[in-house]
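Okay, here's what each chain looks like letter by letter:
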Amino acid sequence: MMQDHRRLYDAVSARDARFDGLFFVGVTSTRIYCRPICRVKTPKAGNCRFFGTAQQAEQAGFRPCLRCRPELAPGSAPVDDAQRIAQLIVQRLQEGGLGEHAGIEAIADQFELSSRQIRRIVRSELGVPPIQLLLTRRLLLAKQLLTETAWPMTEIAFASGFSSVRRFNDAFLSRYRMAPTRLRSKATDDAMAIAEGGTSTLQLAYRPPYDWTSILSFLSARALQGIEHVTDISYARTVQLGRTKGWIRVTHAKKRHALLVEFTHTLTPALPVLLCRLRALFDLDARPDVIAKRLTRDVRLADAVRRNPGLRVPGAFNGFEMGMRAIIGQQVTVKAATTIACRVVEAFAEPIVTPVPELTRLTPGSVRLARAAIDEIARCGIIAARARSIIALAKAVESGQLGLEGGARHTPADSIAQLAELPGIGLWTAHYLAMRAMRWPDAFPKEDIAVRNALGGVTAKEAEALSQIWRPWRSYAVMHLWRMGSA
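Since this is a predicted model, take the numbers as computed values, not measurements. (Residues numbered from 1 in each chain as written. Predicted model: local features only at pLDDT ≥ 70, side-chain atom pairs only at ≥ 80, totals over all residues. Heavy atoms only, no water.)

A. Region of the structure containing the environment of aspartate 232. Tracing the backbone through its elements, the reader meets aspartate 232 in the loop between β6 (228-230) and β7 (234-241). Given a relative accessible area of 74%, aspartate 232 falls into the exposed group. Once the C-alpha coordinates of aspartate 232 and threonine 251 are considered, the two residues, 19 residues apart in sequence, prove to be 9.8 Å apart. (Helix = DSSP H or I, 4+ residues; strand = E, 2+ residues; numbered from the N terminus. Buried < 20%, exposed > 50% of the residue type's maximum accessible area, 1.4 Å probe, protein only.)

B. The arrangement of the packing of helix α19 (residues 412-420) against helix α20 (residues 427-436) in detail. The N-to-C vectors of α19 and α20 enclose an angle of 140°; their axes lie 9 Å apart at closest approach. Relative to α20, the element α19 lies oblique. Where α19 crosses over α20, the handedness of that crossing is right-handed. Across the interface between the two elements, Ile416, Leu419 and Ala420 from α19 touch Leu427, Ala430, His431, Leu433 and Ala434 from α20. Its residues assigned to classes, the contact of α19 with α20 comprises seven nonpolar, one polar and no charged. (Axes fitted to C-alpha atoms, helices over the stretch in contact; angles between N-to-C directions. Parallel < 35°, antiparallel > 145°, perpendicular 65-115°, else oblique. Left-handed = near helix turned anticlockwise from the far one by under 90°. Contact = heavy atoms within 4.5 Å. Nonpolar A, V, L, I, M, F, W, Y, C, P; charged D, E, K, R; others polar.)

C. Representation of the nonpolar core within the structure. Leu274, Leu278, Phe282 and Leu419 are the most contacted members of the largest nonpolar core, which has 124 residues in total. When near neighbours in sequence (up to four residues on either side) are disregarded, leucine 274 contacts Val239, Leu241, Ile248, Phe263, Leu267 and Phe317. Judged by nonpolar contacts, the second largest core, of six residues, contains Phe24, Tyr33, Ala54 and Ala57. (Core = buried A, V, L, I, M, F, W, Y, C linked by side-chain atoms within 4.5 Å.)

D. Geometry of the sheet that holds strand β1 (residues 24-27). Sheet architecture is open: four strands sit in the order β3-β1-β2-β4, paired in mixed fashion. Single-partner strands in this sheet number two, and they are β3 (48-51) and β4 (63-64). Two strands pair when backbone bridges link them, and strand β2 (residues 32-34) and β4 are joined in this way by two bridges, in the parallel orientation. Of the residues in β4, the one forming a bridge with isoleucine 32 is arginine 63. (Pairing = 2+ DSSP bridges.)

E. Structural context of unusual backbone geometry. Here the amide bond leading from proline 208 into proline 209 is cis, since omega sits at 0°, within 30 degrees of zero. In this structure, proline 209 sits in the loop between β5 (199-205) and α10 (212-221). The omega torsion of the bond from arginine 471 to proline 472 falls at 10°, within 30 degrees of zero and hence cis. Although it is not a glycine, arginine 31 sits at a positive phi angle of roughly 60°. With respect to the helices, strands and loops of the structure, arginine 31 is situated in the loop between β1 and β2. With a phi angle near 60°, arginine 439 is a residue other than glycine that sits in the positive phi range.

What follows is the structure, given as structure tokens:
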């Protein structure tokens, strides 16, 4: 119990959003309970009690925090159907699931509700009318474009979702008490300036240290030919988000703790979801200081953590792409899996023309592979059992039964169990996808032979027992163990 208490307290100290909604912390000195992401001063460990649901906390005599509002926690903690709908609206806005010009009726149609019901639910649960959610998203995107690009004001207004420059100026003045031109005057003219050839560059910040070389090496070994291209200094790939298509290139900023993202202007309508997925792919929201403090408590990992500061868990830009790759990679080497996956790309991916010679294909979609025959996939060098697994995964994703992107509203345990129910997908594959595609920091594929060998040739059961001291950061421990094994 004490070990579990420490694990949850570490998550509270890190304020890691990936734990939001999975548990709540009650503070005995104030009798208030909060979400693990609450920005108040971290309470003493001895004053904390942990609960799986908001109801449990309230039954124990704790009052909800007025600052972090536990009733708004996503994932496994929604209080009722209305709250779930409100959070889904916010999630879809953040991920680009609702168009920039979506009105109340469009939102209502997606949830099969009336516009009146949507207005009532969002105002009741979030305290603002739905239109304010849209406005906030548009203004935040506009602020970033104003400060990090040299785009003309008209282009920024329309790219942010405003129907006219006048409406853009009015909204900016009303919300921020300043004209957009005032913010533009503070913009830099260095690497953030608009590039020639139809691309722009934005920055994505991270908390140092950050092992950029290591994450490029990891992605390079698994790069899908035609879709991804990795060099010693950059990662590039083709992108399809809804109807938008283009390509991106990511490099490391030399004088700031940030990555620079060059993107084609064709991706502008999907900028919020694009940047969100890149943050997940490069694990930019991690707290390396908190994670290292936990992992160095174990003598098995202490030296590795000190030798490799800032080691991250590479995520997935496309959840289905990662799922397909994980199935192909079962019981074969990384090199062999990459070779076979590239054959699938060649057979099923849609072509795209880019100025980068190495980027010629879009990732094969779940729609295409859900309709593929087993023999079609098997011709790529995949045994029939795994071809069936890929088709089953594609159908689950396409039907909406399964979500493989981070921020899914199911708990990690539920998603892992759901994956394991699909034919040919065992616990190793499920935990691997939870670790990378679903961004669960405490995933642990205990069956992994490289992990068990790095721990001294232990059994899966013994590995699970040894891993308890690393919680809630076992995914990061796995990365260190893999690196120890390769060394």
